[in-house]
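# Observations on chain architecture
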Protein chains: 2
Amino acid sequence: MHEPGFFQQLVEAELKKIPFNFSPAELYEPIRYMLSLGGKRMRPSLVMMGTELFGGDYREALTPALGIEVFHNFTLLHDDLMDKAPVRRSQQTVHTKWNPDIAILSGDTMFVKSCELMMQVNDDVLRDVMNLFHHTAIEVCEGQQFDMNYETKETISAEEYIQMISLKTAALLAASLKTGALVAHADEVDANHLHEFGKKTGIAFQLHDDILDLYGDEQKFGKQTGGDIISNKKTFLLLSALETAKGNDLNELKRWLAMKEFNPSEKVNSVKEIFSHLNIREASEEKMDGFFQEALAAFDQVRVPREMKIPLKTFAEKLMVREV
Amino acid sequence: MHEPGFFQQLVEAELKKIPFNFSPAELYEPIRYMLSLGGKRMRPSLVMMGTELFGGDYREALTPALGIEVFHNFTLLHDDLMDKAPVRRSQQTVHTKWNPDIAILSGDTMFVKSCELMMQVNDDVLRDVMNLFHHTAIEVCEGQQFDMNYETKETISAEEYIQMISLKTAALLAASLKTGALVAHADEVDANHLHEFGKKTGIAFQLHDDILDLYGDEQKFGKQTGGDIISNKKTFLLLSALETAKGNDLNELKRWLAMKEFNPSEKVNSVKEIFSHLNIREASEEKMDGFFQEALAAFDQVRVPREMKIPLKTFAEKLMVREV
């Protein structure tokens, strides 16, 4: 069995080998660029770890693992365009470096390419792998649409937010693990428990991200905290605060949200103060822990020897303290 | 065996039955809208006619036929956005009626849905059908990129134009027929001859379109001729003219192309006059006929009884005189 670091390096090397050097260059250059921006390659690692969990050979899961990474990068490419994000991983986004049309079409091409990679599995698992892939791709699109809707929607519940991240973020993490299980011919019940583990871990992971944005160690994470507060981002923290705040706290919170001009650190500190009255940090950590415990309970039900579970369990635990 | 009209009605009815009524509505409403705009449903009809050509049951080809129609509409949706087209079939385009983000994401979702429909074939043809589908989808993307490149590129040869329409338009027509052949378990050689028939017919069809735009019967086709001339569209006619014109004809042609303000009918008549010196109509018709003859020669090589070929041959011939 292998560690995530092994898979990350493998994926990095294998992505470079995929021939994306056809004509027209305007279509393929942005694809190579997008895939060269790096990242933790978490999803393809999860595919191969899912295969090894059931005693399978990770090499059989390599192409669908790459397929999921290419798909993930396709969604980032189109999301960046829809979100008008100028920068990804300290580099220009594709629609900024080239133009929106090229971002649309090279994204479409990446999606087809990801389908082709997903198809490179044995016949006896082909249909299951592809059905899961398509089902998940639809979930990711739905999640992105909910996310866009929520930007302009006045009131969203914390529950709606969880539902959105479950589609937009957690679904693909869950599908990565299950794809690995399918390649290893895992029993359906086990594969579904692993999917559940991935889904719940994914939700906990996103909540952790929201918490870290405000309460993370600035030096450790290399970015200033409070960015979500400054941009009024509807995270679990803010939505919970809006649900529980009353009287003066609610008025103050709304006042800060409506303010057009402000001193950023004053806004962060003031909102943080309100969150503190409402125990938002504790409530969010409790929610996150709840999902992670549910994730581990699902993982416990996967019927493989305990020692086979060590790499994935360690990986998930590290994710939760964000050491990876 | 059935006529195209039978399949057109069937597709129209079956498209309405596909459940595109999930949440969020912002994602699915544009998909229903796009599919409701109508059209000749030529591609799905070709799929089912391809199946019947080999004695297969068209009902087995129905879902991949719908998949190809949904895919085709996905490409129209994204192309309209990239081309900034405000109208399709006398209705607002999706990005105009909603917005560009919704056009991107509902398009992406349509593509996934088309993959799901394509998958609904028997196991023994699944891999062949999907490989053809993905290969063709890439060709269509490449064709669209070449088309976008050519809009700003100074000089394009008539040959480059043929290559572009071969990818953007003809590839999917060819794949439609071949998908039908695969579903009917046609021999590979026959399936490839049918593909060639579709490809060459598709190119001839597009050349016919270019010719009709300038030389068509205005009353019969219900639109004014010369639109391509007015917009400087790089059609086979214009590119051939630029390749063959010399001296005064070339200067005059370039002058009209560079002119910012002009009387539309004066421009159309003047360019038509230059085309007449250069025998552009005849050359274009000859080129079109050449492709159609090559198409028929490929079709002749498909080893099925002559009477099985009647519906497809009739359909192709009607396409060439644009009676369908």
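Residues numbered from 1 in each chain as written. Chains lettered and ligands numbered in written order. Predicted model: local features only at pLDDT ≥ 70, side-chain atom pairs only at ≥ 80, totals over all residues.

Here we come to the confidence of the model for chain A. Of all residues in chain A, 98% attain a pLDDT of 70 or more, and the chain-wide mean is 95. Both scores are given for the predicted complex: the pTM is 0.95, the ipTM 0.94. (pLDDT = per-residue confidence, 0-100.)

Let us now look at the relation of the copies chain A and chain B. One copy of the chain maps onto the other through a rotation about an axis plus a displacement along that axis. Superposing chain A onto chain B takes a rotation of 180 degrees combined with a translation of 0.0 Å along the rotation axis, leaving an RMSD of 0.0 Å. Such a turn and shift between the copies fits a two-fold axis. Same-surface contact between copies: 100% of interface residues of chain A are shared with the interface of chain B. (Least-squares fit on C-alpha atoms with pLDDT ≥ 70 in both. Contact = placed C-beta atoms within 7 Å.)

In this section: unusual backbone geometry. Following S23 of chain A, the chain continues to P24 of chain A via a peptide bond in cis, the omega torsion being 0 degrees. Here P24 of chain A is to be found in the loop between α1 (4–17) and α2 (25–35). The phi angle at K84 of chain B is positive, at roughly 55 degrees, despite the residue not being glycine. With phi around 50 degrees, R89 of chain B is a residue other than glycine that occupies positive phi space. With respect to the helices and strands, R89 of chain B occurs in the loop between β1 (87–88) and β2 (91–92). Take R89 of chain B: there are 10 C-beta atoms within 10 Å of it, and that puts it in the exposed class. (Helix = DSSP H or I, 4+ residues; strand = E, 2+ residues; numbered from the N terminus. Buried ≥ 20, exposed ≤ 12 C-beta atoms within 10 Å, placed from the backbone.)

Here we come to the environment of I310 of chain B. Tracing the sequence through the fold places I310 of chain B in helix α16 (residues 310–321). Each C-alpha atom of the pair I310 of chain B and G50 of chain B lies 12 Å from the other, and the pair is 260 residues apart in sequence.

The next point concerns the interface of chain A and chain B. Many authors give the size of an interface as the accessible area that is lost as the parts come together. Tallying the contact residues gives 29 residues for chain A and 29 residues for chain B. For the side of chain A that touches chain B, the elements supplying multiple residues, two or more each, are α2, α4 (62–82), α6 (100–118) and α7 (123–152) of chain A. Across the side of chain A that touches chain B, the residue classes tally to 17 nonpolar, six polar and six charged. (Nonpolar A, V, L, I, M, F, W, Y, C, P; charged D, E, K, R; others polar.)

Attention shifts here to the domain arrangement of chain A. All names here are of chain A. In terms of domain boundaries, chain A breaks down into domain 1 (1–142 + 149–172) and domain 2 (187–324). A separation of 23 Å is found between the C-alpha centroids of domain 1 and domain 2. Across the contact, 20 residues belong to domain 1 and 18 residues belong to domain 2. Secondary structure elements with two or more residues in the side of domain 1 that touches domain 2: α3 (42–53) and α8 (158–183). The leading source of residues in the side of domain 1 that touches domain 2 is α8, at eight residues. Among the residues forming the side of domain 1 that touches domain 2, the class breakdown is 14 nonpolar, four polar and two charged. (Domains from an automatic or database assignment.)

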